[in-house]
Amino acid sequence: MSVPRRALYGFDPTRLTEVRRERGLSRSDLGRLSSVTYNTVRNWETGESAPSPSTLERVAEVLGVTVHELAVVPEQAQTLASWRTRRGLAQSDIAQELGMSKSTYSRLERGERSPTSDERRKLATILDTSEEQVTSLWMRAHRRPGGSR
């Protein structure tokens, strides 16, 4: 899996700190168990950076929570991007599964290109949801106001 360039949408640094402390782990412990450095964990918790979806998936596993508990996106704001993140996938991962370039998938995810019926079916499988949900998630991105994600 590849690392996305943008910060992880919905990542909650405060929630990460809370869960880490609830589990009795230090930043060093979490870093060691998640294969990242202490400074990386510190940067996440202070909001200076955010983990990639695949790294957050590893961290969530170490903490015994779901990615969704560390990257909270309100139901009415969920899009294909937030569901992709929830699955610990990068755009390039899904693009490869769909047999398209990352830039083409990025346009689809932003609502600039509608998915074909075959792409909807494949996305439903990849995201473990229904084709109707995929359409709904795509429509939220397609209808979003200008200047927003």
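Predicted, not measured: the structure shown is a model, and the values here were computed from it.

Attention now moves to the overall build of the protein. In terms of regular secondary structure, the protein is built from ten helices and zero strands. What you see in the protein, going N to C, is helices and strands ordered as α-α-α-α-α-α-α-α-α-α. Over its C-alpha trace the protein gives a radius of gyration of 16 Å, about what one expects of a compact globule, namely 15 Å for 149 residues. Principal-axis analysis of the C-alpha atoms places the extent of the protein at approximately 45 × 30 × 25 Å. Residues classed as buried in the protein amount to 43% of the 149 residues present. Sequence-distant contacts in the protein: of pairs separated by 6 or more residues, those separated by 24 or more amount to 61%. Counting only carbon and sulfur atoms, one obtains 45% of the accessible surface of the protein, whose full area is about 7,900 Å².

Applying the stated criterion across every chain, the model contains twelve salt bridges. Here Glu45 ties to Arg27 by a salt bridge, and the two come within 2.7 Å at their closest N and O atoms. One end of the pair, Glu45, is in helix α3 (residues 38-45); the other, Arg27, is in helix α2 (residues 27-34), with 18 residues separating them in the sequence. Taking the relative accessible area as the measure of exposure, Glu45 reaches 9% and is therefore buried. For Arg113, the salt bridge goes to Glu119, with nearest N and O atoms at 2.9 Å. Through salt bridges with shared partners, a single ionic network connects Arg15, Glu18, Glu22 and Arg23.

Another aspect to go through is the environment of Arg84. Looking at the element boundaries, Arg84 is found in helix α6 (residues 80-86). Linking Arg84 and Glu109, residues 25 residues apart in sequence, is a C-alpha distance of 9.5 Å. Residue contacts for Arg84: discarding those within four places in its chain leaves Pro53, Leu89, Ala90, Gln91, Ile94, Tyr105, Glu109 and Leu127.

This brings us to the packing of aromatic side chains. If you walk through the whole model with that rule in mind, you get zero aromatic pairs. We note Arg86 situated over the ring of Trp83; from NZ or CZ to the ring centre the distance is 4.7 Å.

Turning our attention to helix α9 (residues 117-127). Listing the buried residues of α9 in full gives Glu119, Leu123, Ala124, Ile126 and Leu127. Buried residues of α9, seen end-on, are gathered within an arc of 165 degrees and therefore sit on one face of the element. Structurally, α9 contributes buried residues whose contacts are with α6, α7 (91-98), α8 (102-109) and α10 (131-142). Downstream of α9 by one or two residues, Asp128 has phi in the positive range, about 55 degrees.

A separate point is the packing of α2 against helix α4 (residues 53-63). Packing of α2 against α4 brings their axes to within 9 Å, and their N-to-C directions diverge by 115 degrees. Handedness of the crossing formed by α2 with α4: right-handed. Contact residues: α2 offers Leu30, Leu33 and Ser34, while α4 offers Arg58, Val59, Val62 and Leu63. For the contact of α2 with α4, the class distribution of residues is five nonpolar, one polar and one charged.

The phi dihedral of Ser35 is positive, around 65 degrees, even though this residue is not glycine. Within the secondary structure, Ser35 is located in the loop between α2 and α3. A positive phi angle, close to 55 degrees, is found at Asp128, a residue other than glycine. Mapped onto the elements of the fold, Asp128 is located in the loop between α9 and α10.

Looking at the protein, pLDDT values average 90 and 93% of them are 70 or higher. Low pLDDT (under 50) marks residues 1-7, which in the prediction has 15 contacts with non-local residues, meaning those over four places away or in another chain.

Basis of the calculations
Residues numbered from 1 in each chain as written. Predicted model: local features only at pLDDT ≥ 70, side-chain atom pairs only at ≥ 80, totals over all residues. Heavy atoms only, no water. Helix = DSSP H or I, 4+ residues; strand = E, 2+ residues; numbered from the N terminus. Rg over C-alpha atoms; globule rule 2.2 N^0.38 Å. Buried < 20%, exposed > 50% of the residue type's maximum accessible area, 1.4 Å probe, protein only. Contact = heavy atoms within 4.5 Å. Areas by Shrake-Rupley, 256 points an atom, 1.4 Å probe, with all protein chains shown as cover. Salt bridge = Lys/Arg side-chain N within 4 Å of Asp/Glu carboxyl O. Phe/Tyr/Trp six-rings, centres within 6.5 Å; stacked < 30°, edge-to-face > 60°. Lys NZ or Arg CZ within 6 Å of the ring centre and 35° of its normal. Arc of directions from axis to C-beta. Axes fitted to C-alpha atoms, helices over the stretch in contact; angles between N-to-C directions. Left-handed = near helix turned anticlockwise from the far one by under 90°. Nonpolar A, V, L, I, M, F, W, Y, C, P; charged D, E, K, R; others polar. pLDDT = per-residue confidence, 0-100.

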